[in-house]
Amino acid sequence: MLKRTHMCGDLRDEHIGETVVVAGWVNTYRDQGKGLLFIDLRDRAGIGQVVFDLEDANSDVVQAARMLRREDVIAARGVVRTRVGGPNPKLATGTIEVMATELEVLNKTETPPILPDDYEASKIAPEKRLQYRYIDLRRPRMQQILRTRHEVARTARTYFAEHGFIEVETPCLIKTTPEGARDFVVPSRSYPGQWYALPQSPQIFKQILMVSGCDRYLQIVRCFRDEDPRADRQAEFTQIDLEMSFVDRDDVMAMMGGLAKRLWKEVLDVELGEIPVLSYHDAMERYGIDRPDLRFGLEIEDVSDLAAKTDFKVFQDALAKDRGVVKAMRVPGGAEKLTRKLTDDYTKWIRTFRAGGVPVVKLTANGFETGIAKFLGPIADALRERLELEEGDTVLFTADTWSIATKAIGELRNRVARDLDLVEEGTWKMLWVVDFPMFERDEDQERWVALHHPFTAPRTDQFDELERAPGECISAAYDLVCNGSEIAGGSIRIHRPDVQRKVFELLGIGAEEAEQKFGFLLKALRFGAPPHGGIAFGLDRLVMLLAGTDDIKDVIAFPKTQTGQDLMTEAPAPVDAEQLEELHVRVVVPEVVEPV
RNA sequence: GGGGCGGUAGCUCAAUUGGUUAGAGUCCUGGACUGUCGAUCCAGUGGUUGCGGGUUCGAGUCCCGUCCGCCUCGCCA
């Protein structure tokens, strides 16, 4: 076999005159018949041109070269020289070519079902790309993303190693935990009827490592949550997981902000600057979401007090509800840009978030016009002042309970920014969101649920509230948000068993149940647990941002579909009866499943 | 579990109110061409219209069911 000396994508002017051996895949071929044959050869580093002189039509090299087809695997020896036909500015290797003297066909390909061209990748059916993932991954773009992912992981390891973190592995076969997402479970062969669960995160283990005196822990770790996927979510995903002892909230935020800055610098050569901090309360009130996109304005105002003075039934009905509110968003210049078609569409679309519609009004030289203008008489001046309205603006409203109206207008804010092209590409708006409530009321089940997770500590000044008014208790949790995407979330943890028991109790986990399900944690906390806290970065989402893609499947080498299948390996699949027997598992299939 | 969109040649798509032999580009096969570069030109192979039923003289097209993909609501401590 010809031994490779250079990556064909790495060849430059400096290699001119050298005899090289390159190897890779035939990206394209251009056969000129009598005379010349050009091969664009692709390897991990890029694409380079190999030329064959066809003068001696009977030579083995020429005969083999003329048989080459796209995606054949070859090696070629030749001399690097300046391109005779002039440079190709589209290629990094565009000024040079390899004049081939030897050719070795390492593997002919069958006609490829898909071709690894970036320029038509978006047109190929997603299931074909997943089915033939090995071909799809040959695309330069996919190779670039794989390397970005590697860079992120490498940078994180280096950064945290510099700061005294050590990497520790935690188990994948663990005990199922209540609360949280649905677990993936694994049957135990040795213990009939007993099951392991795959970790939703290594949360408890990393806390116990703090009790063990590790002081600073790092793990790049796979997590599993058996919930329906989304464009930015897979059932199986990766966290950069961290925990620190003897720290407060500011210590953790400073350390983790440092990683974010390092990543953006190393991967994109972007200086992030100081990362601002916003309270959960302000995020929800001003942006209607706990992970606001700060690349554009469109701030939201509560106008419930004004709305109460109108006769508009939608407002009145909303305000009559428990915690009913009316929210308003000023869209500068919206009178022109927000067409009737668009605003009608919003009213329909907003129903997916359970809001009734989107009342609209425009401010013109003649005052409020269209939509609900006729109801705004009594509050016209106050509304103009509150929203600092100018002529040509549109105001969009939502009215319902606080949680529905807030969420709806938050989603609407993002939608309007997209529709009006207000999002400036290439900008990075990172922020910390802090001061989350400890608990959220689950009205259906009439109980408190943890907003973050049950091991999150109250802020140090909030222990009274924990006893007195759990609904008002503020936690020591923090989320790192970038361009409207949550990229990390964490908290200071509870390190006192009495506080942990109290929180379990508030969550409706009684002493006995707590002992049975979390006994090992409660016990560990009794034996000298240091104050500690940590965070987990979503590696997949980080890479999505840094690589500029909005499909999580692009940043995972072998992703699953929305129904949890791997189209390449065809997992999941049935197992043998003997396997089931050994595992003491009997399958009950709802209906007859057709064999494929 | 709910909603929306889609599935026609290896790939990307077209096909009039339900009407003749389901077309085009690309890939592939063969040929032409001495500096191409998403090469070009000529010719050709290639189809169980996702699958199963139904309506009809006649179904890619209409109806029912089902499978698959994408987006989304719920869900995701």
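Notes on the structure in this doc start here. (Residues numbered from 1 in each chain as written. Chains lettered and ligands numbered in written order. Predicted model: local features only at pLDDT ≥ 70, side-chain atom pairs only at ≥ 80, totals over all residues. Heavy atoms only, no water.)

### With respect to the sheet that holds strand 2 (residues 36–43)
Reasoning step 1: A barrel is described by the order of its strands in space; here five strands give the closed sequence 1-2-3-5-4, paired in mixed fashion. Ignoring strand direction, the axes of neighbouring strands in this sheet form an average angle of 55°.
Reasoning step 2: By the bridge criterion, ten bridges tie strand 4 (residues 73–82) to strand 5 (residues 96–107) in an arrangement that is antiparallel. Bridge assignment links Ala-75 to a residue of strand 5, and that residue is Glu-104. (Pairing = 2+ DSSP bridges. Helix = DSSP H or I, 4+ residues; strand = E, 2+ residues; numbered from the N terminus. Axes fitted to C-alpha atoms, helices over the stretch in contact; angles between N-to-C directions.)

### Concerning the pattern of salt bridges
Reasoning step 1: Taken as a whole and judged by the stated rule, the model has 49 salt bridges.
Reasoning step 2: Within this structure, Asp-118, Arg-129, Arg-133, Asp-136, Arg-139 and Asp-554 form a network of salt bridges that share partners. (Salt bridge = Lys/Arg side-chain N within 4 Å of Asp/Glu carboxyl O.)

### Some remarks on the sheet that holds strand 10 (residues 236–245)
Reasoning step 1: The strand order across the open sheet formed by eight strands is 6-9-10-22-21-20-17-11, and the pairing between neighbours is mixed. This sheet does not close on itself; its edge strands, each paired only once, are strand 6 (166–167) and strand 11 (277–279).
Reasoning step 2: Pairing geometry for strand 9 (residues 216–224) and strand 10, over nine bridges, is antiparallel. Directly across from Arg-216, in strand 10, lies its bridge partner Met-244.
Reasoning step 3: Its contacts with the sheet put helix 5 (residues 140–162) on strand 6, strand 9 and strand 10, and the angle it makes with strand 10 is roughly 10°. (Contact = heavy atoms within 4.5 Å.)

### A look at the pairing of strand 3 (residues 46–53)
Reasoning step 1: Of all eight residues in strand 3, six are buried, a share of seventy percent or more.
Reasoning step 2: The sheet contact formed by strand 2 and strand 3 spans eight bridges and is antiparallel. Within the sheet, the bridge partner assigned to Arg-42 lies in strand 3 and is Ile-47.
Reasoning step 3: Two elements, strand 3 and strand 5, share two bridges in a ladder whose sense is parallel. Looking across to strand 5, one finds that Val-51 is bridged to Met-99. (Buried < 20%, exposed > 50% of the residue type's maximum accessible area, 1.4 Å probe, protein only.)

### Side note on helix 14 (residues 402–419)
Reasoning step 1: Compared with the 26 Å implied by 1.5 Å per residue over 18 residues, the 25 Å span of helix 14 between its first and last C-alpha is a close match.
Reasoning step 2: Buried residues dominate helix 14, accounting for 13 of its 18 residues.
Reasoning step 3: Once helix 14 ends, the next one or two residues include Asp-421, with phi positive near 60°. (Expected span 1.5 Å × (residues − 1).)

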